[in-house]
Amino acid sequence: MGKDVIVACDFKSAEDTFAFLDKFTGRKPFVKIGMELFYAEGPSIVREIKARGHKIFLDLKLHDIPNTVKKAMSVLRNLDVDITNLHAAGTKSMMEAAIEGLTRPDGTRPLLIAVTQLTSTDQEAMERDLLIKEPIDKVVMHYAKTAKDAGLDGVVCSPLEAEKVHDTCGKTFLTVTPGVRFADGDIGDQKRVMTPAEAKKIGSDYIVVGRPITAADDPVAAYERCVSDFVD
Ligand code: C5P
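Nothing here was measured: the structure is a model prediction, and the numbers come from that model.

A. Structural view of the overall build of the chain. Helices and strands together make up the secondary structure of the chain, namely 11 helices and 8 strands. What you see for the chain is a C-alpha radius of gyration of 17 Å, in line with the 17 Å of a compact globule of 232 residues. Within the chain, the proportion of its 232 residues that are buried is 50%. Sequence-distant contacts, at least 24 apart, represent 66% of the contacts inside the chain between residues at least 6 apart. Roughly 11100 Å² of accessible area belongs to the chain as shown, and the carbon and sulfur atoms make up 51% of that amount. When the 31 positive and 36 negative side-chain charges of the chain are each reduced to one mean point, those points stand 4 Å apart.

B. Broad picture of the site of the ligand. Within the structure, the ligand sits among Ala 8, Asp 10, Lys 32, Thr 119, Pro 178, Arg 181, Gln 190, Val 208, Val 209, Gly 210, Arg 211 and Pro 212. Interatomic distance of 2.8 Å between a side-chain N/O atom of Asp 10 and an oxygen atom of the ligand. Contact between the ligand and Lys 32: an oxygen atom at 2.9 Å from a side-chain N or O atom of the residue. For the ligand, the cavity whose grid points lie within 2 Å of the majority of its atoms is the largest pocket. Broken down by secondary-structure element, the contributors of at least two residues to the shell around the ligand are β8 (206-209) and α10 (211-214). Within the shell around the ligand, the residues separate by chemical class into 5 nonpolar, 3 polar and 4 charged.

C. Geometry of the layout of surface pockets. By volume, the largest pocket is sized at about 1100 Å³. What lines the largest pocket is a set of 41 residues, among which Thr 119, Ser 120, Pro 178, Gly 179 and Gln 190 lie closest to the centre. Where the lining of the largest pocket is concerned, the elements lending two or more residues are α2 (35-41), β3 (56-62), α7 (136-149), α8 (159-169), β8 and α10. Looking at side-chain class alone, the lining of the largest pocket contains 15 nonpolar, 13 polar and 13 charged residues. Considering only enclosed or pocket space, the second largest pocket measures out at about 220 Å³ in volume.

D. Expanded view of the packing of aromatic side chains. A complete count under the given rule lists 5 aromatic pairs for this structure. Ring centres of Phe 11 and Phe 20 lie 5.2 Å apart, and the angle between their planes is 45°; on these two criteria the pair is classed as tilted. Phe 11 sits in the buried class, given a relative accessible area of 15%. With a centroid separation of 5.5 Å and an interplanar angle of 85°, the aromatic rings of Phe 24 and Tyr 223 are classed as edge-to-face. Of the two residues, Phe 24 is situated in the loop between α1 (14-21) and β2 (30-33) and Tyr 223 in helix α11 (residues 219-230); the sequence distance between them amounts to 199 residues. Assessed through its relative accessible area of 6%, Phe 24 is described here as buried.

E. Main features of the pairing of β8. Neither face of β8 is open: one carries Tyr 206 and Val 208, the other Ile 207 and Val 209, and all of them are buried. Pairing of strand β1 (residues 4-8) with β8 involves 4 bridges; the strand directions are parallel. Residue Asp 4 lies in a different strand from β8, and its bridge partner there is Tyr 206. Bridge analysis of strand β7 (residues 174-177) against β8 gives 2 bridges, and the strand direction is parallel. Bridge pairing in β8 links Thr 177 to Ile 207.

F. Broad picture of the side chain of Glu 161. Summarising the element assignment, Glu 161 is placed in helix α8. Accessibility expressed as a relative area gives 13% for Glu 161, which makes it buried. Those residues within four positions of Glu 161 in sequence are excluded, and the remaining contacts are Val 140, Met 141 and Arg 192.

G. Looking closely at the sheet that holds strand β6 (residues 154-156). Pairing is parallel around the closed barrel formed by 8 strands, whose spatial order is β1-β2-β3-β4-β5-β6-β7-β8. In this sheet, neighbouring strand axes are inclined to one another by 25° on average, regardless of whether the strands run parallel or antiparallel. Docked against the sheet, helix α4 (residues 66-76) engages β3, β4 (83-87) and β5 (111-115), running at close to 165° with respect to β3.

H. Broad picture of the environment of Phe 38. Structurally, Phe 38 can be placed in helix α2. For the pair formed by Phe 38 and Ser 13, sequence separation is 25 residues and the distance between their alpha carbons is 8.9 Å. Contact partners of Phe 38, with chain neighbours within four places excluded, come to Ile 33, Pro 43, Val 46, Leu 58, Leu 60 and Leu 79.

So, how was this worked out
- Residues numbered from 1 in each chain as written.
- Predicted model: local features only at pLDDT ≥ 70, side-chain atom pairs only at ≥ 80, totals over all residues.
- Heavy atoms only, no water.
- Helix = DSSP H or I, 4+ residues; strand = E, 2+ residues; numbered from the N terminus.
- Rg over C-alpha atoms; globule rule 2.2 N^0.38 Å.
- Buried < 20%, exposed > 50% of the residue type's maximum accessible area, 1.4 Å probe, protein only.
- Contact = heavy atoms within 4.5 Å.
- Areas by Shrake-Rupley, 256 points an atom, 1.4 Å probe, with all protein chains shown as cover.
- Lys, Arg positive; Asp, Glu negative; His and termini not counted.
- Charge placed at Lys NZ, Arg CZ, Asp CG, Glu CD.
- Near = heavy atom within 4 Å.
- Polar contact = N/O pair within 3.5 Å; in protein donor to acceptor, adjacent residues only side chain to side chain.
- 1 Å grid on protein atoms, 1.4 Å probe; cavity = no way out; pocket = protein on both sides within 12 Å on 5 of 7 lines; lining within 4 Å.
- Sits in = over half its atoms within 2 Å of the grid points.
- Nonpolar A, V, L, I, M, F, W, Y, C, P; charged D, E, K, R; others polar.
- Points joined across faces, edges and corners; volume = space filled by probe spheres on them.
- Phe/Tyr/Trp six-rings, centres within 6.5 Å; stacked < 30°, edge-to-face > 60°.
- Pairing = 2+ DSSP bridges.
- Axes fitted to C-alpha atoms, helices over the stretch in contact; angles between N-to-C directions.

No statement about biological role is implied by the geometric values presented.
Written out as structure tokens, the structure reads:
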């Protein structure tokens, strides 16, 4: 797996998702399936999208006691997704249990990445609600390092953190970065954004792009623009 654009399919139903994916008659985008679509449609949506030839990032952000996460991951491993994730806040033992659960009898497994601090959490909320008093970038790097020590493959992070994650955890530790916008596009509710070309320059491994593609007048052209700015 190398650099790629992952399209966040934040749709409410299989019908809407397939109407969108049907527009792609050439290259098949790497697809992110999140909680809304997965909870609405169940595992069949993963199997159907996979059967159409897409790679899949299943973004369910697991966070529970180690035994429960291990058992949940052992169900997810049978869905044959390419990447899935969990919250690093679940601790190193939860992440180690997740890897055990995700690993198939033949030793293979999907890539497993960790959410550090959500990009919707700022310093103030972290101190007030979580009683974590350290600077947020130090917390993010600590979570990334713990995820690496637990054997995970990378983290979801802001594109602004990707370079530092690579410095802290090594170049092969994957950075998967949402918050990507075209220079001439709407930023919507994202606060700290980067263009695909900037994300490439600072070394993101995968960019996750939703509305700049899904809400574009010509989604295929918007996707191809992302690919040519980020990958080619
Ligand atoms: O439409 P947009 O490009 O903002 O979509 C970004 C996608 O990445 C959404 O599915 C969002 O939930 C997800 N995401 C994010 N920030 C994070 C983690 C995930 O925007 N920190």
